[in-house]
Amino acid sequence: MKRLLLFIVLTLLFTQMVHAQTRQYYSSDKLALVSPTDKSKGIKLGEDISKAIQAFGQPTSVEDYPFETLGMMGKLYDFNGNKLYVTEGKLHSYHIFNSSILVGKINGTTFKVGDTIKSTRREIKNGPPGGPYHITYKDTYTFLDFPIVKEDGYSRNQHHYYYGVVFVLHNGIKYEASAHLYFDSNKKLFYISANLAD
């Protein structure tokens, strides 16, 4: 019995180590919210919300928002349907639903709701040398340098057909929190979110 328990514990630890090593981390600098009219203006996770107002103008609405996991009250800023969540005056997380806000690097590469996945098909030959071959095909999907998975499912109250999930690196610190990109059946990006803490 003790050996079985030890085996289970070691297996779980090994699985967690492998999972941690295969996680892809992206700098929060690459996940900034950027003005569509002036790419030099934007706000990064952890920065003062005043930068969002400089980049996107006055919000449509501002309301109190309870951060239950943090045990504190914050604010929800709505910019034309895009939701920015703020704690202690700083951008904590966001949910982007339309292209009135770009996401990416300030003064660099950005992307937006409505952009599409690139897909490639690779032919795989199976069989003995010289044939006969059984040919199968493998499709791969890319979106900038984010890893994309094909899966029909639900997550964060969103129905997606393709998705990408990456973990956030902020000021050199690896966070458990993550960024999510969800795509519809036409391979179009319809939802972007990121946060520094779940």
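Residues numbered from 1 in each chain as written. Predicted model: local features only at pLDDT ≥ 70, side-chain atom pairs only at ≥ 80, totals over all residues. Heavy atoms only, no water.

(A) Representation of the overall build of the protein chain within the structure. The helix and strand tally for the protein chain stands at two helices and 16 strands. Counting only residues that meet the buried cut, the protein chain has 36% of its 198 residues in that class. A separation threshold of at least 6 residues defines the contact pool for the protein chain, and within that pool the share at least 24 residues apart is 43%. Taken as a whole, the protein chain presents about 11,900 Å² of accessible surface, with 54% of it coming from carbon and sulfur. (Helix = DSSP H or I, 4+ residues; strand = E, 2+ residues; numbered from the N terminus. Buried < 20%, exposed > 50% of the residue type's maximum accessible area, 1.4 Å probe, protein only. Contact = heavy atoms within 4.5 Å. Areas by Shrake-Rupley, 256 points an atom, 1.4 Å probe, with all protein chains shown as cover.)

(B) Focus on the sheet that holds strand β3 (residues 42-43). The four strands lie next to each other as β3-β2-β8-β9, forming an open sheet whose pairing is antiparallel. Only two strands of the sheet have a single partner each, and these edge strands are β3 and β9 (110-111). Sheet topology note: the strand β2 (residues 32-34)/β3 ladder contains two bridges and is antiparallel. Along β3, the bridge assignment pairs L33 with I43. (Pairing = 2+ DSSP bridges.)

(C) Up close: the side chain of N195. For N195, the position within the fold is in strand β16 (residues 189-195). Classification of N195 by relative accessible area gives buried; the value is 5%. If near-sequence neighbours (up to four positions away) are discounted, N195 is found in contact with L45, H92, S93, R156, V168, A177 and S178.

(D) Spotlight on the nonpolar core. By size, the foremost hydrophobic cluster in this structure holds 35 residues, and its most contacted members are L33, L84, Y94 and I192. Here L84 is in contact with L33, I49, A52, K75, L76, Y77, F79, L91, S93, Y94 and I101, once residues within four sequence places are set aside. (Core = buried A, V, L, I, M, F, W, Y, C linked by side-chain atoms within 4.5 Å.)

(E) Highlighting the packing of aromatic side chains. Counted under the stated rule, the structure contains 12 aromatic pairs. Aromatic pair Y25 and F167: ring centres 5.8 Å apart, planes at 45 degrees, arrangement tilted. Residue Y25 is located in strand β1 (residues 25-27), and its partner F167 is located in strand β14 (residues 158-170); the two are separated by 142 residues in the primary sequence. Geometrically, the ring pair formed by Y65 and F67 is edge-to-face, given 5.2 Å between the ring centres and 75 degrees between the ring planes. Of the residues examined, F67 reaches a relative accessible area of 6% and is grouped as buried. Counting every residue linked through ring pairs, the aromatic cluster contains Y26, F111, F143, F146 and F183. A cation over a ring is seen here: K30 above F146, with NZ or CZ 5.9 Å from the ring centre. (Phe/Tyr/Trp six-rings, centres within 6.5 Å; stacked < 30°, edge-to-face > 60°. Lys NZ or Arg CZ within 6 Å of the ring centre and 35° of its normal.)

(F) Broad picture of the pairing of strand β6 (residues 82-87). With five of six residues buried, β6 lies mostly within the body of the structure. Judged from the five bridges that link them, strand β5 (residues 72-79) and β6 form a sheet pairing that is antiparallel. Paired with Y77 across the two strands is L84, which belongs to β6. Hairpin geometry of β6 and strand β7 (residues 90-96) is characterised by an intervening segment of two residues between the two adjacent antiparallel strands and by a positive phi of about 50 degrees at E88.

(G) Local environment of the side chain of T110. Position of T110 relative to the elements: it lies in strand β9. Aside from chain neighbours lying at most four places away, what touches T110 is V34, K39, L102, V103, G104 and K105.

(H) Highlighting unusual backbone geometry. Phi is positive for N157, which is not a glycine, with a value near 60 degrees. Examined against the element boundaries, N157 turns out to sit in the loop between β13 (149-155) and β14. In this structure N157 comes out as exposed when scored by relative accessible area, which is 79%.

(I) Just the sheet that holds strand β10 (residues 118-126), in detail. As summarised here, the arrangement of the three strands in space is β10-β11-β12, forming an open sheet in which the pairing is antiparallel. In this open sheet, the two edge strands, each paired with only one partner strand, are β10 and β12 (146-147). Here β10 runs beside strand β11 (residues 134-143); their pairing, made up of nine bridges, is antiparallel. Counted as the bridge partner of E123 is Y137 from β11.

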